[in-house]
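Residue-level structure breakdown
This is what each chain is made of:
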Amino acid sequence: QVQLVESGGRLVQAGGSLRLSCAASGLTFTRYVLGWFRQAPGKEREFVTSIKWSGGTRNYADSVKGRFTISRDNAKNTVYLQMDTLKPEDTAVYYCALAIDRPYYIDYSLIREYQYWGQGTQVTVSS
């Protein structure tokens, strides 16, 4: 059974940095995509970034480009989200999600493409 466990969320001041981790286990396939989404209070869950495990293709939401970086550690089956120059509007619960990579074009910014989700980790950016 696939499990995704996020960690690293906490309170941080605006302008600061934070690194989130997502450890994946129970994987029985080799081609998949790991993504980060976030949900602020009263708002819909939104795409942040994604990375293909095979090949490393990355994708970012416009709101985080140049500030956030997604990376992976193959040996640890772990994906990281480095968040720099944080803003109060980055405050949200951050979720890690996994999608099985298909052999045709898929828009991995869409929530519906992901089959597995973590429990989320709270990030709060104070002004």
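Before any of the text, the structure's been laid out above.
Now for a quick tour of the structure. (Residues numbered from 1 in each chain as written. Predicted model: local features only at pLDDT ≥ 70, side-chain atom pairs only at ≥ 80, totals over all residues. Heavy atoms only, no water.)

With 38 residues, the main nonpolar core has Leu34, Trp36, Val79, Met83 and Tyr94 as its most contacted residues. Among the elements that make up this core, the one with the highest residue count is strand E9 (residues 92-100) (6 residues). (Core = buried A, V, L, I, M, F, W, Y, C linked by side-chain atoms within 4.5 Å. Buried < 20%, exposed > 50% of the residue type's maximum accessible area, 1.4 Å probe, protein only. Helix = DSSP H or I, 4+ residues; strand = E, 2+ residues; numbered from the N terminus.)

Within the structure shown, the criterion is met by 6 aromatic pairs. Seen in terms of ring centroids, phenylalanine 37 and phenylalanine 47 are 5.6 Å apart; in terms of plane orientation they differ by 75 degrees. Their pairing is edge-to-face. You can see phenylalanine 37 sitting in strand E4 (residues 32-39) and its partner phenylalanine 47 sitting in strand E5 (residues 46-52), a full 10 residues away along the chain. When its relative accessible area of 12% is taken as the criterion, phenylalanine 47 is described as buried. A network of ring pairs unites the aromatic residues Phe37, Phe47, Tyr108, Tyr114 and Trp117 as a single cluster. The ring centre of tyrosine 80 lies 4.1 Å from the NZ or CZ of arginine 19, which sits over that ring. (Phe/Tyr/Trp six-rings, centres within 6.5 Å; stacked < 30°, edge-to-face > 60°. Lys NZ or Arg CZ within 6 Å of the ring centre and 35° of its normal.)

Throughout the structure, instances matching the rule amount to 8 salt bridges. Taking the shortest distance from any N to any O, the salt bridge between arginine 102 and glutamate 113 comes out at 3.0 Å. Linking arginine 102 in the loop between E9 and strand E10 (116-117) with glutamate 113 in the loop between E9 and E10, this pair joins segments that are 11 residues apart in sequence. You can call glutamate 113 buried: its relative accessible area is 14%. Between glutamate 113 and arginine 112 there is a salt bridge, with the nearest N and O atoms lying 3.8 Å from each other. For arginine 112, a relative accessible area of 67% corresponds to the exposed category. Salt bridges sharing partners connect three or more residues here, namely Arg38, Glu46, Arg67 and Asp90. (Salt bridge = Lys/Arg side-chain N within 4 Å of Asp/Glu carboxyl O.)

Ordered in space as E1-E3-E8-E7, the 4 strands form an open sheet in which the pairing is antiparallel. At either end of the open sheet lies a strand with only one pairing partner, and these are strand E1 (3-7) and strand E7 (68-73). Direction aside, neighbouring strands of the sheet carry axes that sit 15 degrees apart on average. Sheet topology places E7 next to strand E8 (residues 78-83); 6 bridges connect them, and they run antiparallel. Note that in E8 the partner of phenylalanine 68 across the bridge is methionine 83. (Pairing = 2+ DSSP bridges. Axes fitted to C-alpha atoms, helices over the stretch in contact; angles between N-to-C directions.)

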